[in-house]
Amino acid sequence: MRHLVSAADLSRDDALLILDTAEELAQLSGRAVKKLPTLRGRTVVNLFFEDSTRTKTSFEVAEKRLSADVINFAAKGSSVSKGESLKDTALTLQAMGADAVVIRHHASGAPARLAQSDWLHGSVINAGDGTHEHPTQALLDAFTMRRHLNPGLGNDLAGRRITIVGDVLHSRVARSNVLLLNTLGAEVTFVAPPTLLPIGIENWPCEVSYDLDATLAKTDALMMLRVQRERMNAAFFPTEREYSRRYGMHGGRLAKLPEHAIVMHPGPMVRGMEITAEVADSPRCTAVEQVANGVSIRMAVLYLLLGGATASDTNSTNTSEAAK
Amino acid sequence: MNTDTPRPPHQVLDGADITRVITRIAHEIVERAKGAEDVVLLGIHTRGVHLARRLHTRLTQITGRDIPLGTLDITMYRDDLRLKPARALEHTDIPADGIDGKLVILVDDVLFSGRTVRAALDALGDIGRPRAVQLAVLVDRGHRELPIRADYVGKNLPTSLREAVQVRLADSDGEDAVLVGDRDYKVRSSQALAADPTKPE
């Protein structure tokens with residue numbers, strides 16, 4: 001595999017290899033020297049066309065822990081704001097010798113376009129594109145679930161019931177999660193107001209419910225989604241108070257979950273609306289743990305895409321052999 | 001006579017030899033480390049881990065103490081990562097008390113170019129600061145590419161570069177044996193079989 005654009009690209013074996021690699025790499029965070037020389041000499045560009053704090057930082061920490069040279073390229077204040085196209089940006093990065101590009105873009109499909117083009121020889125890693133996908137987030141969610149629900153190398157999530165609550169329509173996290181969780185054998189139920197469910201959701205490998213309380217008792221992991229106000233161009237629900245009453249997570253609902261169940265949130269959390277402080281600060285909420293797991297997962301993905309021989313190595317070998 | 005005919009693997013150590021070798025190395029460790037008080041054994045994946053476990057058992061019998069035992073995966077420190085696709089990581093398990101100030105004995109099956117040991121030394125440097133590091137190997141086959149030597153050697157086995165040394169251990173391969181044969185014996189003999197033997201050259 002050369003790129004990671006969609007969670008659908010991952011077979012069960014691919015996904016488990018990433019999770020198992022991340023499990024080994026997670027040990028690194030407990031050491032005094034949190035660094036490996038694996039990607040020394042590789043250049044990774046973080047190409048962020050959209051604001052992001054935790055994903056960008058998480059990738060940057062992962063890249064630095066693997067000793068890659070990191071270039072942060074924000075669209076704001078760059079030639080992109082002067083009207084440069086994605087193609088020209090990619091060609092520039094190629095000329096600078098980028099071995100991998102971690103891209104976040106507001107347009108769904110931008111990373112796929114980059115991966116399919118011949119503008120770049122390096123790997124493309126999707127760090128979130130529009131309302132489409134966010135595969136490394138799905139991987140870190142699956143990693144967190146496995147640690148709590150079925151710990152151990154080589155284990156999947158077969159038979160685990162995952163409930164994903166909130167703004168599914170605008171959520172790339174939900175999309176990547178349902179694909180990956182399905183690959184890993186879990187059963188996914190979406191709970192959201194009808195207005196926040198995408199058209200064609202009946203074709204997704206999941207169940208749909210409008211009643212959060214009815215699904216709580218048979219949930220192993222409850223994942224809250226952020227209400228993405230910045231993407232909302234219409235009134236999708238009457239008031240925040242009503243949304244909060246029907247789909248918000250509070251202490252009462254936490255008590256209805258089975259004892260082993262965890263509450264997850266990809267962050268940033270809107271306290272008081274999606275989740276009360278009581279739940280967010282409870283030991284059963286894994287939001288902070290997810291951030292730490294994100295670094296391990298991104299290290300695993302970077303190592304597996306870039307750690308061995310890459311396309312550019314093969315090209316240079318072929319060229320040198322041809323020259324002989 | 002055709003001098004190019006590949007040589008089939010032949011056995012140089014059997015199960016009893018390997019057991020004897022491990023016992024001898026265990027005694028050497030106790031003698032050199034004056035009782036092995038601060039010794040930590042670290043097996044290098046994969047067969048080094050099995051050998052370290054056996055060495056640990058013998059050391060426990062000899063000294064009557066439980067010597068800390070760990071495993072080390074050196075994949076991320078290899079210098080040939082760019083030559084092959086990325087490989088899966090093995091488990092690194094450092095004993096709870098760490099390796100700071102300890103005498104770490106690295107255990108591996110075959111010492112060849114020395115690059116694996118170089119990677120293991122780099123890995124150790126990131127994990128802690130041992131008082132000293134020693135190396136125990138079952139077989140030293142020569143052809144070093146780095147200035148590295150073993151402190152405890154099961155068997156010195158002078159080989160040519162066209163030969164392959166195969167260590168088989170019951171834990172992963174079903175039997176204990178060390179075999180030496182031509183590196184491309186399997187490939188070349190299957191090619192020979194595929195060629196029509198009746199056809200004159």
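What you see is a predicted model; the values in this text were computed from it and never measured.

> Which residues make up the overall build of chain A, and what values go with them?
When helices and strands are counted, chain A shows 12 helices and 9 strands. Taken over the C-alpha trace, chain A has a radius of gyration of 20 Å; the compact-globule value for 324 residues is 20 Å, and the two agree within 12%. Considering only C-alpha atoms, chain A reaches an extent of 70 × 45 × 40 Å along its principal axes. Counting over 324 residues, chain A shows a buried share of 58%. Considering only contacts within chain A whose residues lie at least 6 apart along the sequence, 76% involve residues at least 24 apart. Only carbon and sulfur atoms are counted for the fraction: they give 51% of the accessible area of chain A, which is about 13,200 Å². Averaging the coordinates of the 35 positive side-chain charges in chain A and doing the same for the 36 negative ones gives two points 4 Å apart.

> An account of the domain arrangement of chain A is requested, with residue identities and associated values reported.
All names here are of chain A. Split by domain assignment, chain A resolves into domain 1 (3-134 + 290-308) and domain 2 (136-286). One C-alpha centre belongs to domain 1, the other to domain 2, and the line joining them spans 25 Å. Each partner contributes to the interface: domain 1 provides 36 residues, whereas domain 2 provides 32 residues. The interface formed by domain 1 and domain 2 holds 5 salt bridges in total. Of the charged contacts, one joins Glu23 and Arg147 as a salt bridge, the two residues approaching to 2.7 Å between their closest N and O atoms. Between domain 1 and domain 2 we count 18 residue pairs in polar contact (both at pLDDT 80 or more) in total. Ranked by the residues each element gives to the side of domain 1 that touches domain 2, the list is headed by helix α1 (residues 12-26), at 10 residues. The class makeup of the residues in the side of domain 1 that touches domain 2 is 14 nonpolar, 12 polar and 10 charged.

> Tell me about the UniProt feature "binding site: carbamoyl phosphate" (unreviewed entry) in chain A, and please be specific about residues and values.
Residue and element names in this part refer to chain A. Under the local residue numbering, the UniProt record ascribes the feature "binding site: carbamoyl phosphate" (unreviewed entry) to Arg54, Thr55, Arg104, His134, Gln137, Gly267 and Pro268. None of the other annotated residues line the second largest pocket; only Arg54, Thr55, Arg104, His134, Gln137, Gly267 and Pro268 do. Among the structural elements, Gly267 can be located in the loop between β9 (262-264) and α10 (277-280). Taking relative accessible area as the criterion, Gly267 reaches 15% and is therefore assigned buried. Those residues in contact with Gly267 that sit more than four places away from it in its chain are Arg54 and Arg226. One can find Pro268 in the loop between β9 and α10. With relative accessibility at 41%, the residue Pro268 sits in the partly exposed group. In contact with Pro268, other than residues within four places in its own chain, are Arg54, Arg226 and Glu274.

> How would you explain helix α11 (residues 287-306) of chain A if you had to name every residue and give the values?
A rise of 1.5 Å per residue sets the reference length of α11(A), with its 20 residues, at 28 Å; its end C-alpha atoms lie 28 Å apart and thus fit the reference within 8%. In terms of residue burial, α11(A) counts as a mostly covered element, since 16 of its 20 residues are buried.

> Mind laying out empty space enclosed by the protein, listing which residues take part and the relevant values?
To find the voids left in a structure, one rolls a probe of water-molecule size over its atoms. Evaluated as defined, the whole model comprises 2 cavities of 30 Å³ or more. Contributing to the lining of the largest cavity are 15 residues, with Glu24(A), Arg31(A), Leu36(A), Asp73(B) and Thr92(B) lying nearest its centre. Looking at the lining of the largest cavity residue by residue, the classes come out as 9 nonpolar, 2 polar and 4 charged. Residue lining of the second largest cavity: Val21(B), Ile22(B), Ile25(B), Leu51(B), Leu55(B), Val107(B), Asp108(B), Ala136(B), Val137(B) and Leu138(B), and that is the complete set. At the level of secondary structure, the elements contributing two or more residues to the lining of the second largest cavity comprise α1 (15-32), α2 (47-63), β4 (103-111) and β5 (132-140) of chain B. Of the residues assigned to the lining of the second largest cavity, the class counts are 9 nonpolar, no polar and 1 charged.

> Lay out unusual backbone geometry with the relevant residues and their values.
Trans peptide bonds make up the majority, and among non-glycine residues the majority have a negative phi. A cis amide bond links Gly267(A) to the next residue, Pro268(A), at an omega of -10°. In the segment running from His45(B) into Thr46(B), the intervening peptide bond is cis, with an omega of 0°. Considering the arrangement of structural elements, one finds Thr46(B) in the loop between β2 (39-44) and α2. Non-glycine residue Lys34(B) carries a positive phi angle of around 50°. Within the secondary structure layout, Lys34(B) lies in the loop between α1 and β2.

Calculation notes
Residues numbered from 1 in each chain as written. Chains lettered and ligands numbered in written order. Predicted model: local features only at pLDDT ≥ 70, side-chain atom pairs only at ≥ 80, totals over all residues. Heavy atoms only, no water. Helix = DSSP H or I, 4+ residues; strand = E, 2+ residues; numbered from the N terminus. Rg over C-alpha atoms; globule rule 2.2 N^0.38 Å. Buried < 20%, exposed > 50% of the residue type's maximum accessible area, 1.4 Å probe, protein only. Contact = heavy atoms within 4.5 Å. Areas by Shrake-Rupley, 256 points an atom, 1.4 Å probe, with all protein chains shown as cover. Lys, Arg positive; Asp, Glu negative; His and termini not counted. Charge placed at Lys NZ, Arg CZ, Asp CG, Glu CD. Domains from an automatic or database assignment. Salt bridge = Lys/Arg side-chain N within 4 Å of Asp/Glu carboxyl O. Polar contact = N/O pair within 3.5 Å; in protein donor to acceptor, adjacent residues only side chain to side chain. Nonpolar A, V, L, I, M, F, W, Y, C, P; charged D, E, K, R; others polar. UniProt positions renumbered as here; feature names shortened; annotations may be inferred. 1 Å grid on protein atoms, 1.4 Å probe; cavity = no way out; pocket = protein on both sides within 12 Å on 5 of 7 lines; lining within 4 Å. Expected span 1.5 Å × (residues − 1). Points joined across faces, edges and corners; volume = space filled by probe spheres on them.

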